[in-house]
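Breakdown of the fold
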Amino acid sequence: MPARSPDSSSEPLPSEESIFAESGDLATEITGTADGDIKVIETLHDLDPGQIAAEDLVKKRLGPLFWIAVGWFALVALLALLAPILPLQDPKTTSSCVRCSASPEHWFGTDTLGRDIFARVVWGGRVSLAVGFASVAFGIAIGGTLGVIAGYFKGRIEAVIMWAMDVLLAFPALLLALVIVTFRDSRDVGNIILAIGIVAIPPIARLVRASTLVHSQREYVTAARALGASNARIIWREVVPNVALPVLSFSIIGVAVAIVAEGGLAFLGLSVPPPTPTWGGMINDGRAVLDRDPFISLIPCAVMFLTVLALNLAGDRVREYFDVKEVGL
Amino acid sequence: MSRKVISSTTKAGAAAASTNLLRVVDLKTYFRTERGTVRAVDGVSFTLDRGKTLGVVGESGSGKTVLSRSIMGLLPKRNVIREGHIYYEGEDIIDYTQDQMRSVWGAEMAMVFQDPMTSLNPVMKIGKQITESLIHHLHMDKHEADETALSLLSSVGIPEPAQRLEEYPHQLSGGMRQRVTIAIALACGPKLLFADEPTTALDVTVQAQILNLLQQQQRERHMAMILVTHDLGVVAGRTDHILVMYGGRVAEFAPTPVLFSDMKAPYTEALLKSIPKIDYPSHTRLEAIPGRPPDLINPPPGCNFAPRCRYAQPRCLKEDPPLMEGPTPGHLYRCWFPVGTPEGQEALARNEAAGATAAATPVSIRPTNVEEL
């Protein structure tokens, strides 16, 4: 067998020039759009669909898990919102069918007093979600304002505000909420919101202050000042929009925490008084028969668990999503 | 309102001041720190005429950025001591409050910052960032401001300006962003523009474009400009005067041609020699300035450059040279043994013969900088 000369056997290697000639256009396309990472992936995908799989495009977006979480949450929120006009059974009316298991008549069965669990879960969601969102909104309104003031003006104002926040933080959160609820005259939704909202102030204030400190040191704030913008204008136009992103994604997780807190209060019998259904209250109702009919407690438990999990997942994903964008900036 | 006040007082303040846009007299800016008082700017004086450009040159820590921010009043109030006088259009603005400065900022003085990546608000559209000050200072309505922003963007050389107005900063490249910050700074037609190392954060290829843009805008608008840089090469062809700063003080101040043809301060010479030249043979070692910038908290006695100076003599370590006027009027420098004078040459020869300066800094005999290949 004649020895094959290495020259003839090997494939002609592409010259360096031809490699670069082919990648040249791609490279300019990439550098041209390198500022936004999603854009880069999209461009790469358009240029060469084989190289960048379609999944990568999805990955750079929010992802299916996020949409499942949002879907679940939207379902719960929609049902809660529309509860008064939905053809639900009255959540407060007892029936003769006590602790019945699931049936076409009672989708989730009935509780110890024969009330429809499905209707109670939906109506209980109203309380949970209202408390969750309103208390975080309250926390952002007060804590956010304090945090921005502390972070922007610094000095003595900051010292006083942060000292007050530290004092507030030093109380065990549930205990503080307990005290507030106990000393208010009535236990209506408003007071529950107030109690949990006050507990939410210090962590939000700390987050906002930290974020404000960072952003008010940035050069665009100096640049705005060098153009003659007033403090109020700088805070509203330059600092707050930048601080809002991390705070909003954090607040989604905050809502989940507030829902759990409301559940805790309700479990202790300190939330909205019965017979108004709340998730925590329903869990408490089923506690006595947990060994025989665990579904009475477990169904509201599961709904609360899924809702809180959905909020956490969505919140985390949103935070990551915006973080990536921050890096791109 | 107060803008009118300023200009009317100047008119009344007579022809003498009519060309002087900015006169800085013995400006001092100190920072109180835990380690002591940092004399970042220590007695700087200069004048700048209308429509002229001044280059402020010095290495990192020489106080050039603090000088520009101090003149503009952009430094924090706490732990900062500012003394001296800053006459802008004949009016001393050093004691202006924030509210008073607000009428000066943007409309009278503006600044282009070093890093366009951080000097634009990431969550606000480009158009909004430009129109804001137009609406605020010049009381334009939305439509008028939008049109002005459009023409500003095209004047700073941004392609497809209409589309850019709707974009966010992260969608633009570094060079484009710096063009946007220039457009924002120029928006209200300032009479004085500070450019604080406007090209340091940019690619070399873009640097010249941005500098040319600044120069072109400065000429077209008959605007005075203070160009702060660490690179003598940048200011060489673009400025009327150059102020060389060292350790917060003026090392040399001269009209640009005079400075390059007849520099007196050894620091200026050392700065110039540290620039690589294209016609040097390859592997030529750069002539770095030995040592570090001076301690601004406890400055040693004598000339602050003496420890690093090739010309340093015993006198330089004891006596601080005052600002002296050179052979050309308006040429100021601070040195006992100026470059190019008999005393200076003698001092250098003595140090080269001894192999070290009076401050014990080793001195090699030039040129010995071609390394073996």
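The numbers attached to residues start from 1 for each chain and follow its sequence in the written order. Chains and ligands are labelled sequentially in the order written, the chains with letters from A and the ligands with numbers from 1. For this predicted model, a pLDDT threshold of at least 70 governs which residues receive local features, and a threshold of 80 or more governs which side-chain atom pairs are given and counted, while totals over whole chains, interfaces and linings are taken from all residues.

**A closer look at the overall build of chain A**
Rule in force here: Elements are defined by DSSP. Helices are runs of H or I of four residues or more, strands are runs of E of two residues or more, and each kind is numbered from the N terminus. For every residue, the other C-beta atoms within 10 Å of its own C-beta are counted; 20 or more classify it as buried, 12 or fewer as exposed, and values in between as partly exposed. C-beta atoms are placed from the backbone. Distance between backbone-placed C-beta atoms decides contact: two residues are in contact if it is within 7 Å.
What chain A contains, in helices and strands, is 13 helices and zero strands. When the elements of chain A are put in sequence order from the N terminus, they spell out α-α-α-α-α-α-α-α-α-α-α-α-α. For chain A, the residues scored as buried account for 35% of the 329 residues in total. Nonlocal contacts in chain A, meaning residues at least 24 apart in sequence, comprise 65% of its contacts between residues at least 6 apart.

**Brief notes about unusual backbone geometry**
Despite not being glycine, Lys154(A) has its phi angle at roughly 55°, a positive value. Within the secondary structure layout, Lys154(A) lies in the loop between helix H6 (117-153) and helix H7 (155-170). Residue Asn79(B) is not a glycine yet carries a positive backbone phi of 60°. Mapped onto the elements of the fold, Asn79(B) is located in the loop between helix H2 (64-72) and strand E4 (80-88).

**Here we look at the confidence of the model for chain A**
Put simply, the test is: A residue's pLDDT is the confidence the predictor assigns to it, expressed on a 0 to 100 scale.
Confidence in the prediction for chain A averages 76 pLDDT; 78% of positions are at 70 or higher. Confidence drops under pLDDT 50 across residues 324-329 of chain A; counting only partners more than four residues distant or on other chains, this segment forms seven contacts.

**Quick word on the interface of chain B and chain A**
What counts is decided by this rule: Only Asp, Glu, Lys and Arg are considered charged, only Ala, Val, Leu, Ile, Met, Phe, Trp, Tyr, Cys and Pro nonpolar, and every remaining residue, Gly among them, polar.
Each partner contributes to the interface: chain B provides 26 residues, whereas chain A provides 17 residues. When residues of the side of chain B that touches chain A are traced back to their parent elements, those giving at least two are helix H3 (98-104), strand E6 (109-112) and helix H4 (126-138) of chain B. The element contributing the most residues to the side of chain B that touches chain A is H4(B), with three residues. For the side of chain B that touches chain A, the per-class residue count stands at 13 nonpolar, 11 polar and two charged.

**Here's the deal with the sheet that holds strand E7 (residues 192-196) of chain B**
Residue and element names in this part refer to chain B. Stated precisely, the cut-off is as follows: Two strands make a pair as long as DSSP finds a minimum of two bridges between them.
Ordered in space as E6-E7-E8-E3-E9-E10-E12-E11, the eight strands form an open sheet in which the pairing is mixed. Of all strands in the sheet, those bounded by a partner on one side alone are E6 and strand E11 (324-325). Inspection of the sheet shows E11 paired to strand E12 (residues 332-333) by two bridges, in the antiparallel sense. Opposite Glu 325, over in E12, you have Leu 332 as the bridge partner.

**Thoughts on the pairing of strand E1 (residues 20-33) of chain B**
Residues and elements named next belong to chain B. By the bridge criterion, 11 bridges tie E1 to strand E2 (residues 36-49) in an arrangement that is antiparallel. Note on E2: the bridge partner recorded for Arg 23 is Thr 47. Where E1 folds back on E2, the antiparallel hairpin that results is connected by two residues. For E1 and E4, the ladder comprises eight bridges, and the chain directions are antiparallel. By the bridge assignment for E4, Thr 29 is matched with Arg 82.

**Some words on the pairing of strand E8 (residues 224-229) of chain B**
Residues and elements named next belong to chain B. A large share of E8 lies buried, amounting to six of its six residues. Burial of the side chains of E8 extends over both faces: Ala 224, Ile 226 and Val 228 are buried on one face and Met 225, Leu 227 and Thr 229 on the other. In this sheet, E8 lies alongside strand E3 (residues 53-57) in parallel orientation, the contact comprising five bridges. Paired with Val 57 across the bridge in E8 is Thr 229.

**Some remarks on helix H11 (residues 266-273) of chain B**
With six of its eight residues buried, H11(B) lies for the most part within the structure. Buried residues along H11(B) sit in contact with E3, helix H9 (232-236), strand E9 (241-246), strand E10 (249-255) and helix H10 (256-261) of chain B.

**Some remarks on the confidence of the model for chain B**
Residues and elements named next belong to chain B. Mean pLDDT over chain B works out to 84, with 92% of the residues at or above the 70 mark. Segment residues 1-17 is flagged for pLDDT under 50; beyond a separation of four residues in sequence, or across chains, it makes 16 contacts in the model. Confidence drops under pLDDT 50 across residues 367-373; counting only partners more than four residues distant or on other chains, this segment forms eight contacts. Quick note on the complex model: pTM equals 0.72, ipTM equals 0.74.

**A look at the sheet that holds E1(B)**
Residue and element names in this part refer to chain B. Rules: All axes are obtained by fitting lines to C-alpha atoms, using only the stretch in contact for helices, and the reported angles, taken between N-to-C directions, cover 0 to 180 degrees.
Reading across the sheet, the four strands line up as E2-E1-E4-E5 and stay open at both edges, with antiparallel pairing between neighbours. Single-partner strands in this sheet number two, and they are E2 and strand E5 (91-92). Lying on the sheet, H2 is in contact with E1, E2 and E4; it crosses E2 at an angle near 70°.

**Comments concerning the environment of Glu252(B)**
Residue and element names in this part refer to chain B. By secondary structure assignment, the location of Glu 252 is in strand E10. Placed 217 residues apart in sequence, Glu 252 and Arg 35 show a C-alpha to C-alpha distance of 29 Å. If we ignore the near neighbours within four places in the chain, the residues touching Glu 252 are Val 244, Leu 259, Met 263, Lys 264, Ala 265, Thr 268, Leu 332 and Tyr 333.

**As for the nonpolar core**
Note that soluble globular proteins tend to have their nonpolar side chains buried in a common cluster. Filter applied, for reference: Structurally, a nonpolar core is described as a collection of buried Ala, Val, Leu, Ile, Met, Phe, Trp, Tyr and Cys residues joined by way of C-beta atoms within 7 Å.
Of all hydrophobic cores here, the largest spans 165 residues; its most connected members are Ile196(A), Ala258(A), Ala183(B), Leu193(B), Val244(B) and Ala251(B). Sequence-distant contacts of Leu193(B), defined by excluding residues within four places in its chain, comprise Ala110(B), Val112(B), Ala185(B), Gln218(B), Met223(B) and Met225(B).

**Side note on the packing of H4(B) against helix H7 (residues 174-186) of chain B**
All names here are of chain B. Basically, it comes down to this: Note on angle classes: values under 35 degrees are labelled roughly parallel, values over 145 roughly antiparallel, values of 65 to 115 roughly perpendicular, and the remainder oblique. In this scheme, a crossing is called left-handed if the near helix is turned counterclockwise away from the far one by less than a right angle; it is called right-handed if the turn is clockwise.
Between H4 and H7, the least distance of the axes is 8 Å, while the angle of their chain directions is 20°. Relative to H7, the element H4 is oriented roughly parallel. When you trace H4 past H7, the crossing you get is right-handed. Mapping the contact onto sequence places Ile 126, Gln 129, Ile 130 and Ser 133 in H4 and Val 180, Ala 183 and Ile 184 in H7. Of the residues in the contact of H4 with H7, the class split is five nonpolar, two polar and no charged.

**Some words on the packing of H6(A) against helix H11 (residues 231-267) of chain A**
Residue and element names in this part refer to chain A. Following both chains from N to C, one finds H6 and H11 inclined at 145°, their axes separated by 8 Å at the closest point. The two elements H6 and H11 meet at a crossing, and its hand is right-handed. Each of Ser 128, Val 131, Gly 132, Phe 133, Ser 135, Val 136, Gly 139, Ile 140, Gly 144, Val 148 and Tyr 152 in H6 lies in contact with H11, whose residues at this interface are Ile 235, Val 239, Val 240, Val 243, Val 247, Ser 251, Gly 254, Val 255, Ala 258, Ile 259 and Glu 262. A per-class count over the contact of H6 with H11 returns 14 nonpolar, seven polar and one charged.

**What to know about H11(A)**
Residue and element names in this part refer to chain A. Selection rule: What a helix should span is 1.5 Å times the count of its residues minus one. At any given residue, the bend is defined as the angle formed between two axes, one fitted to the seven residues that end at that position and one fitted to the seven that begin there.
For H11, which comprises 37 residues, the first-to-last C-alpha distance of 46 Å sits more than 12% below the rise-based estimate of 54 Å (1.5 Å per residue). Bending of H11 peaks at approximately 45° at the position of Val 240, with proline Pro 241 no more than four residues after it. Trailing H11 by a residue or two, Gly 269 shows a phi angle of about 75°, which is positive.

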